[in-house]
Amino acid sequence: MDLLPAETSQIAKRHGFRSLKLVNVDMDQPLGEKPFGVEYGVLENGLRYYVRSNSKPKMRAALALAVKAGSVLEEEDERGVAHIVEHLAFSATKKYTNHDIVKFLESIGAEFGACQNAVTSSDDTVYELFVPVDKPELLSQAISVLAEFSTEVRVSIDDLEKERGAVMEEYRGNRNANGRMQDAHWILMMEGSKYADRLPIGLEKVIRTVPPEIVKQFYRKWYHLHNMAVIAVGDFSDTQSVVELIRTHFGPKSLAHDPLPIPHFPVPSHEEPRFSCFVESEAAGSAVMISYKMSVDELKTVKDYKDLLTESMFLYALNQRLFKISRRKDPPFFSCSAAADVLVRPVKAYMITSSCKEKGTIEALESMLIEVARIQLHGFSEREICVVRALLMSEVESAYLERDQMQSTSLRDEYLQHFLRNEPVVGIEYEAQLQKTILPQISALEVSKYSEKLRTSCSCVIKTMEPWATATVDNLKAVVSKISSLEEEQSISPWDDEHIPEEIVSNKPNPGNIVQQLEFSNIEVTELILSNGMRVCYKHTDFFDDQVLFTGFSYGGLSELPESEYFSCSMGSTIAGEIGVFGYKPSVLMDMLAGKRAEVGTKVGAYMRTFSGDCSPSDLETALQLVYQLFTTDVKPGEEEVKIVMQMAEEAVHAQERDPYTAFANRVRELNYGNSYFFRPIRISDLQKVDPLKACQYFNSCFKDPSTFTVVIVGNIDPSIAGPLILQYLGGIPKPPEPVLHFNRDDLRGLPFTFPATVIREVVRSPMVEAQCSVQLCFPVELKNETMMQEIHFVGFLSKLLETKIMQVLRFKHGQIYSVGVSVFLGGNKPSRIGDIRGDISINFSCDPDISSMLVDIALDEILHLQEEGCSDEDVSAVLEIEQRAHENGLQENYYWLDRILRSYQSRVYFGDVGISFEVQDEGRSKVREMLTPSTAQLALQRILPFPCKKQYTVVILMPRTSPVKLLTSLFQSTDNSYSRKAKILAGVAGVTVFALALWRYSRRGHKS
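So, a few notes on the structure that sits alongside this text.

Conventions adopted
- Residues numbered from 1 in each chain as written.
- Predicted model: local features only at pLDDT ≥ 70, side-chain atom pairs only at ≥ 80, totals over all residues.
- Heavy atoms only, no water.
- Helix = DSSP H or I, 4+ residues; strand = E, 2+ residues; numbered from the N terminus.
- Rg over C-alpha atoms; globule rule 2.2 N^0.38 Å.
- Buried < 20%, exposed > 50% of the residue type's maximum accessible area, 1.4 Å probe, protein only.
- Pairing = 2+ DSSP bridges.
- Contact = heavy atoms within 4.5 Å.
- Polar contact = N/O pair within 3.5 Å; in protein donor to acceptor, adjacent residues only side chain to side chain.
- Core = buried A, V, L, I, M, F, W, Y, C linked by side-chain atoms within 4.5 Å.
- Salt bridge = Lys/Arg side-chain N within 4 Å of Asp/Glu carboxyl O.
- Expected span 1.5 Å × (residues − 1).
- Bend = angle between axes of the 7 residues up to and from the residue.
- Phe/Tyr/Trp six-rings, centres within 6.5 Å; stacked < 30°, edge-to-face > 60°.
- Axes fitted to C-alpha atoms, helices over the stretch in contact; angles between N-to-C directions.

## Some thoughts on the overall build of the protein chain
What the protein chain contains, in helices and strands, is 33 helices and 24 strands. Its C-alpha radius of gyration of 29 Å places the protein chain within 12% of the 30 Å reference for a compact globule of 1009 residues. With respect to the principal axes defined by its C-alpha atoms, the protein chain has extents near 80 × 80 × 65 Å. When each of the 1009 residues of the protein chain is scored for burial, the buried share is 59%.

## Points about the pairing of strand S12 (residues 514–520)
Across 6 bridges, the pairing between S12 and strand S13 (residues 525–530) is antiparallel. Looking across to S13, one finds that phenylalanine 520 is bridged to valine 525. Connecting the antiparallel pair S12 and S13 is a turn made up of 4 residues, with glutamate 524 showing a positive phi of about 55°.

## Structural notes on the environment of asparagine 829
Here asparagine 829 lies in the loop between strand S21 (820–825) and strand S22 (837–846). Overall, asparagine 829 belongs to the buried group, its relative accessible area being 16%. Note: C-alpha distance between asparagine 829 and alanine 606 (223 residues apart in sequence) is 9.5 Å. If near-sequence neighbours (up to four positions away) are discounted, asparagine 829 is found in contact with Tyr607, Phe753, Asp836, Ile837 and Arg838. Within the structure, the side chain of asparagine 829 is placed 2.4 Å from the backbone oxygen of arginine 838, a separation counted as a polar contact.

## Considerations on the nonpolar core
Ranked by internal contacts, the top residues of the largest apolar core, which has 140 residues, are Leu63, Tyr127, Val131, Phe250 and Phe845. Here this core gets 13 residues from one element, more than from any other, and that element is helix H26 (residues 788–813). Other than its neighbours up to four places away in sequence, phenylalanine 250 contacts Leu43, Asn45, Leu47, Leu65, Ile143, Leu146, Ala147, Ser150, Leu225 and Val230. In terms of nonpolar packing, the next biggest core, distinct from the first, is built from 93 residues, Phe550, Tyr555, Val711 and Ile713 among them.

## Some words on the pattern of salt bridges
Counted by the stated rule, this structure contains 65 salt bridges. The salt bridge involving arginine 175 is made with aspartate 183; its shortest N-O contact spans 2.5 Å. Comparing arginine 175 with aspartate 183 shows no difference in burial state: the two are buried. Its salt-bridge partner being glutamate 487, residue arginine 455 comes within 2.9 Å of it at the nearest N-O pair. Here arginine 455 is found in the loop between helix H15 (444–449) and strand S11 (460–466), whereas its partner glutamate 487 is found in helix H16 (residues 473–488), with 32 residues between them in sequence. The class for arginine 455 is partly exposed, based on a relative accessible area of 26%. Using a relative accessible area of 16% as the deciding quantity, one classes glutamate 487 as buried. Put simply, Arg175, Arg180, Asp183, Glu280, Glu282 and Glu770 are held in one network by salt bridges that share partners.

## Topic: helix H5 (residues 157–174)
Given a rise of 1.5 Å per residue, 18 residues ought to cover 26 Å, and the 26 Å separating the end C-alpha atoms of H5 matches this to within 8%. Of all the bends in H5, the largest measures some 30° and sits at arginine 164. With 13 of 18 residues buried, H5 is to be regarded as a mostly interior element.

## As for the packing of aromatic side chains
For the structure on display, the rule yields 30 aromatic pairs. Aromatic side chains phenylalanine 611 and phenylalanine 709 sit 5.7 Å apart centroid to centroid with 35° between the ring planes, which places their arrangement in the tilted category. Of this pair, phenylalanine 611 sits in strand S17 (residues 608–615) while phenylalanine 709 sits in the loop between helix H24 (692–702) and strand S18 (710–715), and the two are 98 residues apart along the sequence. You can call phenylalanine 611 buried: its relative accessible area is 1%.

## Some remarks on the environment of aspartate 899
Topologically, aspartate 899 is positioned in helix H29 (residues 894–906). The spatial distance from the C-alpha of aspartate 899 to the C-alpha of valine 712 is 9.2 Å, given a sequence separation of 187 residues.

## Some thoughts on the sheet that holds S12
Reading across from one edge, S12-S13-S14-S18-S15-S17-S16 is the order of the 7 strands in this open sheet, with mixed pairing throughout. In the strand order of this sheet, the two ends are held by S12 and strand S16 (598–604), each with one partner. Neighbouring strand axes in the sheet, compared pairwise and without regard to direction, differ in orientation by 15° on average. Where S13 and strand S14 (residues 535–540) come together, 4 bridges link them in antiparallel fashion. Counterpart to threonine 526 in the pairing with S14 is tyrosine 538.

## Digging into the side chain of arginine 885
Inspection of the secondary structure assignment puts arginine 885 in helix H28 (residues 873–890). Classification of arginine 885 as buried rests on a relative accessible area of 5%. Apart from residues lying up to four places away in sequence, arginine 885 is in contact with Arg60, Ile108, Gly109, Pro132, Asp134 and Leu138.

## Some remarks on the sheet that holds S21
A sheet is described by the order of its strands in space; here 5 strands give the open sequence S19-S23-S20-S22-S21, paired in mixed fashion. Each end of this open sheet is capped by a strand with a single partner; those strands are strand S19 (759–766) and S21. The average angle at which neighbouring strand axes cross in this sheet is 15°, direction not considered. Inspection of the sheet shows strand S20 (residues 774–783) paired to strand S23 (residues 953–960) by 5 bridges, in the antiparallel sense. The residue bridging serine 774 from the neighbouring strand is leucine 958, located in S23. Lying on the sheet, H26 is in contact with S20, S21 and S22; it crosses S21 at an angle near 165°.

## Observations concerning the environment of glutamate 384
You can see glutamate 384 is positioned in helix H12 (residues 382–401). Once the C-alpha coordinates of glutamate 384 and proline 737 are considered, the two residues, 353 residues apart in sequence, prove to be 44 Å apart. Those residues in contact with glutamate 384, other than ones at most four positions away along the chain, are Arg321, Trp495 and Asp497. Among the polar contacts listed, one links the side chain of glutamate 384 to the side chain of arginine 321, at a separation of 2.7 Å.

## Regarding helix H27 (residues 852–868)
With 17 residues, H27 should cover 24 Å at 1.5 Å per step; its first-to-last C-alpha distance of 24 Å lies within 8% of that length. Looking at H27, one finds that the buried residues are Ser852, Leu855, Val856, Ile858, Ala859, Leu860, Glu862, Ile863, Leu864, Leu866 and Gln867. Buried-residue contacts for H27 involve S19, S20, H26, S22, helix H31 (934–944) and S23. Of the residues one or two after H27, glycine 870 is the one with positive phi, at around 85°.

Take a look at the structure:
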């Protein structure tokens, strides 16, 4: 085959890791205090700096100013001030006023939120910038902005008043179910410490009334250069010149007085477990969390590093077991996972979190505690530890292979943790050597011993979370007592391992052959037509040495089904996924893939069926074997798997019924797209109609005929190795005797939807524990077929322009919102190459319920002004710069290229030549960039949106049904518990399985400023 040559053999690269020398480890050997690979030093005024040259991405720099000052330092009348200071930094400084910093950074392509942001936590505040450095002055200007943040934040009465509304809206947004659960849990975990009363968001009273003098006092007291560090990682020609820039902008700053030492705030331990039963009327489901607090471990020696690896192995092995339990007959929980992280400077925690069925929290808790006790009694098996060792070895191997391709933001974050947490930075080369040396030495016994840290006498906190009370504290105590007795009696049986097959594909298929091969030199891709009809396009890149991505798609999806079959077939992916779409149960496949980096997922949409994968180049065979299995497996519904799926589906429906935002989203959808069965939410009555056999049969047919699929592969593939694998596992997929779901893209059945022809303004009133308000303003969009390639790009630019301008007026001018989102929906259209495209542009923001209608009118006035008067040259320049910088970053990413090539195949101008289709799309973007001026933007807004905009739109506003006080009185429920400080309000939102992750990062939760 005439295939593109790879620049470097992946086998050789992989061999490079496997030949990596082991090190002679002395467990007492220090890891080193000085961070690896960086210019590190301290200025005379106490400021620390970290500067590293890194070319991923090219011509970009990731910057940060870290300040060891967070909310725990606040006095009672300052609660929330640390976060207010962070907001004010972007609002006004000595050099910049009225959010000019934001405007300047956007003018150079650093988008607000994505590339300029800040985080206030309990212990620190971090300001982050991600800026282009292709012009000499840009880096200096960006560092000068950080210097302004360090000592020159302005706190006038006007500045503070302008920012109160944005901070207040952020506070209000946090008072949803999820926020209430996090707040209450935080207080419970940190009880007895100052951390419990110093949530970063602060108190409403302080946010509304704190005077400028108090804010200035906090800023001057704690923002000292001795407490700060500047981190700069980017595509620098030399690091010394960057150090000099830091010295130029920060060096002249001197101390007005000696800085105060940062106090230490201990979190007391407790031998008796704390119990709590949270009840929240808006909870999305029932959940259980077990937390074990402990002091943060030091990481100074090789022995400490080995302990960290052992902890990781323990958590991996525990999670493997918990996942397998969730896939058993009548499982005690739908999902369960364990993790560990630092909560605040002195304390870390192990957390095990599960989501379970209604009234199932006691059963879930019992199962979780039994599994911990089982490990304490019997330990992990050697086979379990071998699986985990392979997983960790695979991870460090991947990191080592891509050691020269790490993102600058990732390296910046490493140095941030070095400054804020004293975490050593030893470099991936040495870390890979350490792991390769130490991992084989860690025994199953050593890993199992880590379970001793998960004792209920180890500062344990146990809580249940439910939409209404079914569990009591006495129930929780009884479970703990029961498990303790079982452990003492040693009546918990050992773990029973499943049999794991050796091979994913037991009988290798006969390879197909290439019917046609085409080269498209303009985008450097090769296209193969295989003997079974599958089209395969691949592109070799060198962006990441250990990444290959692929997606296969075929036209025809759920829109082709009659309503009588829709609900059954739409559940096909979920039911089949629970059974196992690759020929094996998910719990078995997990072990089969241990040590391999290969994953494949499926999706069945309205008009398309897709499978997508991500793998290491050395595991491409495994990934393609999974695709082969997908097409050759006939999934058959099992009673237990179907029962689990339907239980989870019913829980999800009930959760949506409790969620105020679901009623809001449902009305928006119904209003803008009609009440078609495809757009309306699934009800319990719909689930009762689901036929599991029909669901599985439909899923099987979706991935049966390879001749209907086009597959795009992008990444570090060696064609000489990948070619035979493609022929065997993709070309070897048997083509059925008769076509299966073979559709012409131009003949697909479109979804019925019609945007209202007039103005509709509605209020959706929903019961709420605390008042929330969300606004969605929508306009219809219609793009003409003859100018489609340009209009698509105009829509993209205009949506960013609208977002920028509405943010400026509603937040920066009026100070009444936290953020705004503008999104474009064109997905309701069938992928035909003829006809116009209809859709909508929607503007979303949350605000004070009392002024929601007024803010809608202000937004409409601003859009009308843009249509009638146009925008400024600066506005257009900023939008073009942001888009160009995002495009430049994307050109260095495999995901971006995969998406562009897929869109070229799916484009209206594609008629067999993907190279031409790609060029036409690229030319459309270039033409719009060249054409975009204030006047052309104005004309496009008139052409694409209704003009004037006030003649046709919809507005839906979510409002509380009754007063928060009355609602709290009627819905407030709690179980007696002296530890919770009466904070009994939970928020189990969908995805309670990831609540633990949200919580670990809670003390570092991000706030756009």
